[in-house]
Amino acid sequence: MIDFHCHLDLYPDPKEVIQEVVLRGIYTLAVTTTPKAFEQNLRLAEDAKRIRVAVGLHPELVAERKREADLVCKHMERTRYVGEIGMDGSLQHKSSLGDQRAVLRQILTECRRQGGKVISLHSRLATSAVLDEIELAGEIGIPVMHWFSGLESELKRAVDLGCWFSIGPGMLAGKKGKTLTELVPKNRVLPETDGPFFQLKGRPAMPWDVDKVIADLGMIWKTPCNDVKSLLRMNLRNLAAVGTKP
Ligand code: MN
């Protein structure tokens with residue numbers, strides 16, 4: 001299966017989790033919260049063919065680490081995948097929204113310069129601001145909204161801007177997230193866990209917990225789980241094909 005937004009390096013024993021991910025054949029996007037962690041992740045996942053490592057700078061860390069945006073841009077030469085980046089307008093982090101926007105703009109500008117990137121974006125309580133930056137940046141590749149939690153009107157705007165959506169157990173836990181999920185085009189959906197940040201029944205979510213996401217999507221789409229899996233695999237193949245040279 002697929003986990004399109006997971007912090008593999010933040011589990012207590014990343015090697016053990018990676019081993020299990022390889023054993024189970026899970027296509028995993030290992031997002032990172034700092035560009036230094038990107039290097040570490042590359043080493044950790046070097047033998048895992050189905051793991052892709054993204055270079056990121058988490059918006060919650062921008063207040064202390066905004067200078068590392070340059071390093072993100074530098075490392076982007078080595079991967080098609082970028083994330084976790086974005087903006088966070090929650091109480092704890094809204095004082096750095098100005099810096100967050102500047103960092104996001106710098107990274108998306110570099111995405112446009114290099115072209116064809118796949119970008120995992122955080123947008124909690126800052127959806128419109130993130131969409132503004134995506135729109136401003138232009139041809140950046142494929143923005144993938146991770147755990148989208150905006151308004152329905154913002155969702156529509158994101159779809160019009162060409163965004164994809166990675167949907168996880170957190171988004172599917174509430175009525176609002178379920179309603180938003182119904183509105184997302186099925187051919188732009190990928191499953192995620194956001195583990196180990198996201199807790200499932202009091203323990204960190206693991207990449208194989210995407211099974212729960214598939215079951216929930218099956219309910220929402222009124223589709224058998226096997227068909228949901230085929231659709232998601234096809235989406236991943238399409239994503240991989242977009243923007244790459246034939
Ligand atoms: Mn995350």
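Definitions and limits used
For every chain, the first residue of the written sequence is number 1, and numbering continues from 1 onward in sequence order. Local features in this predicted model are restricted to residues whose pLDDT is 70 or higher, and side-chain atom pairs enter the listing and the counts only when it is 80 or higher, whereas totals over whole chains, interfaces and linings include all residues. The side-chain numbers reported here are obtained from all heavy atoms of the structure, hydrogens and water having been left aside. Only centres within 6.5 Å qualify two rings of Phe, Tyr or Trp (six-membered ring in Trp) as a pair; their planes then separate them into stacked at under 30 degrees, edge-to-face at over 60, and tilted for everything else. By definition, any uninterrupted DSSP run of H or I lasting at least four residues is a helix, any uninterrupted run of E lasting at least two residues is a strand, and each is numbered from the N terminus. In this scheme, a residue with accessible area under 20% of its type's maximum is buried, one over 50% is exposed, and one in between is partly exposed, where area comes from a 1.4 Å probe on protein chains only. Whenever a carboxyl oxygen of Asp or Glu lies within 4 Å of a side-chain nitrogen of Lys or Arg, that contact is scored as a salt bridge. In plain words, nonpolar cores are sets of buried Ala, Val, Leu, Ile, Met, Phe, Trp, Tyr and Cys residues tied together by side-chain atoms within 4.5 Å. Two residues form a contact once any of their heavy atoms are found within 4.5 Å. For two strands to be treated as a pair, DSSP must find at least two bridges joining them. Here, axes are lines fitted to C-alpha atoms. For helices the fit covers the stretch in contact, and angles between N-to-C directions go from 0 to 180 degrees. Note on angle classes: values under 35 degrees are labelled roughly parallel, values over 145 roughly antiparallel, values of 65 to 115 roughly perpendicular, and the remainder oblique. Less than a right angle of anticlockwise turn of the near helix away from the far helix marks a crossing as left-handed, whereas a clockwise turn marks it as right-handed. Ten residue types, Ala, Val, Leu, Ile, Met, Phe, Trp, Tyr, Cys and Pro, are classed as nonpolar, four, Asp, Glu, Lys and Arg, as charged, and the remainder, Gly among them, as polar. With water omitted from the atoms examined, metal sites may look incomplete; donors here are N, O and S atoms no farther than 2.8 Å from the metal, or 3.2 Å in the case of Na, K and Ca. Starting at the helix axis, one direction is taken to each C-beta atom, and the arc is that of these directions.

1. Quick notes on the packing of aromatic side chains
Piece 1. Scanning the entire structure with this criterion turns up two aromatic pairs.
Piece 2. Aromatic pair W147 and F198: ring centres 5.6 Å apart, planes at 80°, arrangement edge-to-face. Here F198 lies in the loop between β8 (189-191) and β9 (199-200) and W147 lies in the loop between β6 (141-146) and α7 (152-160), a separation of 51 residues in the sequence.
Piece 3. We classify W147 as partly exposed; its relative accessible area is 33%.

2. A few points about the pattern of salt bridges
Piece 1. As enumerated under the stated definition, the model contains 16 salt bridges in all.
Piece 2. Where K36 meets E68, a salt bridge forms, and the shortest distance between an N and an O atom there is 4.0 Å. Here K36 is found in helix α2 (residues 35-44), whereas its partner E68 is found in the loop between α3 (62-65) and α4 (69-75), with 32 residues between them in sequence.
Piece 3. Owing to a relative accessible area of 52%, K36 belongs among the exposed residues under this scheme.
Piece 4. Residue classification places E68 among the buried residues on the basis of a relative accessible area of 13%.

3. Topic: the nonpolar core
Piece 1. Residues F4 and F165 are the most contacted members of the largest nonpolar core, which totals 74 residues.
Piece 2. When residues of this core are assigned to their parent elements, the largest contribution, six residues, is made by helix α10 (residues 210-221).
Piece 3. Beyond its immediate chain neighbours, meaning those up to four positions away, F165 contacts V144, M145, F148, L155, A158, V159, V184, R188, V189 and L190.

4. Quick look at the pairing of strand β4 (residues 81-86)
Piece 1. When you tally the buried positions in β4, you get six out of six residues, the bulk of the element.
Piece 2. Pairing geometry for β4 and strand β5 (residues 117-122), over four bridges, is parallel. What sits directly across from I85, in β5, is L121.

5. A word on the sheet that holds strand β7 (residues 164-167)
Piece 1. Taken in spatial order, the five strands line up as β4-β5-β6-β7-β8 in an open sheet, and their pairing is parallel. Of all the strands in the sheet, the pair left with one neighbour each is β4 and β8. Averaged over all pairs of adjacent strands, the angle between their axes in this sheet comes to 25°, without regard to strand direction.
Piece 2. Together, β5 and β6 form the strand contacts of helix α6 (residues 127-137), whose direction differs from that of β6 by roughly 175°.

6. Observations concerning the environment of L151
Piece 1. Mapped onto the secondary structure, L151 falls in the loop between β6 and α7.
Piece 2. For L151, a relative accessible area of 52% translates into the label exposed.
Piece 3. Remark: the alpha-carbon pair of L151 and S128, spanning 23 residues in sequence, is separated by 9.2 Å.

7. Describing the packing of α6 against α7
Piece 1. Relative orientation of the contacting elements α6 and α7 amounts to 15°, with a least axis distance of 10 Å. The angle between α6 and α7 falls in the class roughly parallel. For α6 against α7, the interelement crossing comes out left-handed. From α6, T127, S128, L131, D132 and E135 reach across to α7, where they touch E154, R157 and A158.
Piece 2. A per-class count over the contact of α6 with α7 returns two nonpolar, two polar and four charged.

8. Digging into the coordination of the manganese ion
Piece 1. In the first shell of the manganese ion, the protein supplies H5 (NE2), H7 (NE2), E84 (OE) and D194 (OD), at 2.2 to 2.3 Å from the metal.
Piece 2. Mapped onto the sequence, the residues coordinating the manganese ion show the spacing H-x1-H-x76-E-x109-D. With H7 in the loop between β1 (2-6) and α1 (14-24) and D194 in the loop between β8 and β9, this pair connects stretches of sequence that are 187 residues apart. There is no split in this pair, since H7 and D194 are both buried.

9. Topic: α7
Piece 1. Three or more residues of α7 are buried, namely E154, L155, A158 and V159. Angular distribution of buried residues about the axis of α7 spans 145°; they occupy a single face of the element. Exposed residues pointing more than 90 degrees away from the buried face of α7 are listed as S153, K156 and D160.
Piece 2. Packed against the buried residues of α7 are α6, β7 and α9 (175-183).
Piece 3. G162 occupies a position one or two residues after α7 and carries a positive phi of about 90°.

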